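Breakdown of the fold
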Amino acid sequence: MKILFAASEAYPLVKTGGLGDVIYSLPRALQQQGAEVRVILPAYRLVLEQMDSLRIAGWMQVQGAGRLHDARILEAGSRHLGVPLLLVDVPSLFDRPGNPYLHPEGYNWHDNAERFTVFSRAVARLASDTRLLEWRPEVVHCHDWQAGLVPAFLSLEEQAPASLFTIHNLSYAGIFSHQEFEQLALPRSWWSPDALEFFGNFSMLKGGIVFSQHITTVSPTYAEEIQTPAFGYGFDGVLRAMRHKLSGILNGIDLETWNPATDPFLPSHYSARHRYLAGKRENKAALLQQLGVEVSDQVLEEPLLGFIGRLVEQKGIDLLIEALPALFTHPDVRLVLLGSGESRFETALRELAALYPGRLLLNLGYSEELSHRIEAASDLFLMPSRFEPCGLNQLYSLRYGTPPVVHAVGGLVDTVVDATPENLEAGRATGFHFHEPTSTALLGALEHALRLYRNPPVWHQLIRTAMAQDFGWARSARRYLELYRQLGAGTVDD
Ligand code: ADP
Ligand code: GLC
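Residues numbered from 1 in each chain as written. Chains lettered and ligands numbered in written order. Predicted model: local features only at pLDDT ≥ 70, side-chain atom pairs only at ≥ 80, totals over all residues. Heavy atoms only, no water.

**Side note on the site of ligand 1**
Around ligand 1, the surrounding shell holds 20 residues, and the nearest of these are Gly-18, Asp-21, Arg-310, Lys-315 and Gly-365. When ligand 1 sits alone it has 560 Å² of accessible area, and the protein chains cover 93% of it. If you list the elements that add at least two residues to the shell around ligand 1, you get helix 1 (18–32), strand 13 (304–311), strand 14 (334–341) and helix 17 (393–399). Sort the elements by how many residues they give to the shell around ligand 1 and strand 13 lands first, with 3 residues. Partitioned by chemical class, the residues of the shell around ligand 1 number 5 nonpolar, 10 polar and 5 charged. (Near = heavy atom within 4 Å. Areas by Shrake-Rupley, 256 points an atom, 1.4 Å probe, with all protein chains shown as cover. Helix = DSSP H or I, 4+ residues; strand = E, 2+ residues; numbered from the N terminus. Nonpolar A, V, L, I, M, F, W, Y, C, P; charged D, E, K, R; others polar.)

**Description of the domain arrangement of the protein chain**
Here the domain parsing of the protein chain yields domain 1 (2–252 + 474–489) and domain 2 (276–467). Put simply, the middle of domain 1 and the middle of domain 2, counted by C-alpha atoms, are 33 Å apart. With 20 residues of domain 1 at the contact, the number on the domain 2 side is 17 residues. The junction of domain 1 with domain 2 conceals about 1,400 Å² of combined surface from both sides, 58% of it contributed by carbon and sulfur atoms. The largest contributions to the domain 1 side of the interface with domain 2 come from Lys-15, Thr-221 and Leu-250, which together make up 23% of the buried area. If you look at where domain 1 meets domain 2, you find 1 salt bridge. Residues Lys-15 and Glu-368 are paired through a salt bridge, measuring 3.4 Å at the closest nitrogen-oxygen approach. Across the contact surface, domain 1 and domain 2 share 8 residue pairs in polar contact (both at pLDDT 80 or more). Elements with a contribution of two residues or more to the side of domain 1 that touches domain 2: helix 1 and helix 9 (220–225). Tallied by class, residues from the side of domain 1 that touches domain 2 come to 8 nonpolar, 9 polar and 3 charged. (Domains from an automatic or database assignment. Contact = heavy atoms within 4.5 Å. Buried area = accessible area lost by both parts, 1.4 Å probe. Salt bridge = Lys/Arg side-chain N within 4 Å of Asp/Glu carboxyl O. Polar contact = N/O pair within 3.5 Å; in protein donor to acceptor, adjacent residues only side chain to side chain.)

Below, the structure is given as structure tokens:
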């Protein structure tokens, strides 16, 4: 079975969020189950800088905004992702510093419409025409708006493979103007509510929704939620119309990268069977020390809360900010926070960190290493997201024995079992839910969690149950394979 993954991020080469984690870990899991997977990305400068050797597979001319581009297709082998990597190299569009979508000053690149149209055109051509790669995928699995036009362009090709479109986050829809639509020479018939047109603009994400043979989202609950106005971001109507080809498959996690028994970022290793209390305590001591807190036996008894994520409204960071003064009326609670994002949230957090020194341990920025250390060191992990297509941090938290406190939406409700009396009694509970996106509701769940934290037998059971959950990719990868098969893959040569 031959599958081509088209996306804009892949850990460890380029990652701004969970999409990067998935494009690293899902292809490997599929490969372990016998599929032949390749990944294709834009050749961002950051990615090219990490390549030691590259083979030029060929050249193609691709229509951009009022001009043609010479695109070089590069083959990078399997060293980086564990599966073969292909790159669409158009230096005038992708050879730029830093973040894949943003100018160093923080605004969107002015030509993002052209950048991802050219990428998608190149992918569709490559997937349909065997002359360049001598390898033809049976399914092109496209991810998020940056690859949303791939299914649309495939619909114009004669020998096109089937396409599957995965929505990782509906709130990023790749929306651009009519003028850009015209400059990009997209087929006129696509300017229609039945195709790309979206409230007077056009949306690349909608291309994926309308033209793919099947759509998935990254959790079953999110697949339902996005069909409602509250979560649909204007797409709920078209998604309801497409529900016959829409399903949810829960994300998994990479069990090697996120393993507290071997994690190279951790000062102390532990597992569900071995030293989980001592191991967590040692990691807590090391992290607190690293962050300038004087460590004592008493400090180590006091609850440490963790938060990691993009500082944007989706993640409910405003709810957390609002809840902090009340939370810190508990004289022993500390919160370690790692994130970067909108400056209004960064400013508010800086002010709070000045008000609560030694209590709000603020780390603005991006650090893979610190994120692992926080997962291991914290006693509770906070995910007050307004919506969450899947969420990976709660899964990392469960594996690291750090019960998550989550807003009961999307992938969070699908993966965390609330510590109700019945669930505790049955030994099923793994974390805490709250049901309204308000700071009061968040505080309510935190109060409950802190009460249980002070009850060691119950707390230790919660940690053990959390750590016993299996969120590896095996099960979900099987579901993707089934779907690829339904789309016609694997019938010819395997
Ligand atoms: P999203 O993709 O919406 O940002 P996920 O929970 O799916 O949310 O994935 C976020 C990923 O990005 C996780 O791997 C998380 O650890 C990582 N991450 C987010 N912010 C940071 C940060 N400031 N430093 C390090 N890792 C981060
Ligand atoms: C998105 C979502 C997140 C999900 C990730 C990977 O960025 O916001 O919930 O886990 O994609 O699918």
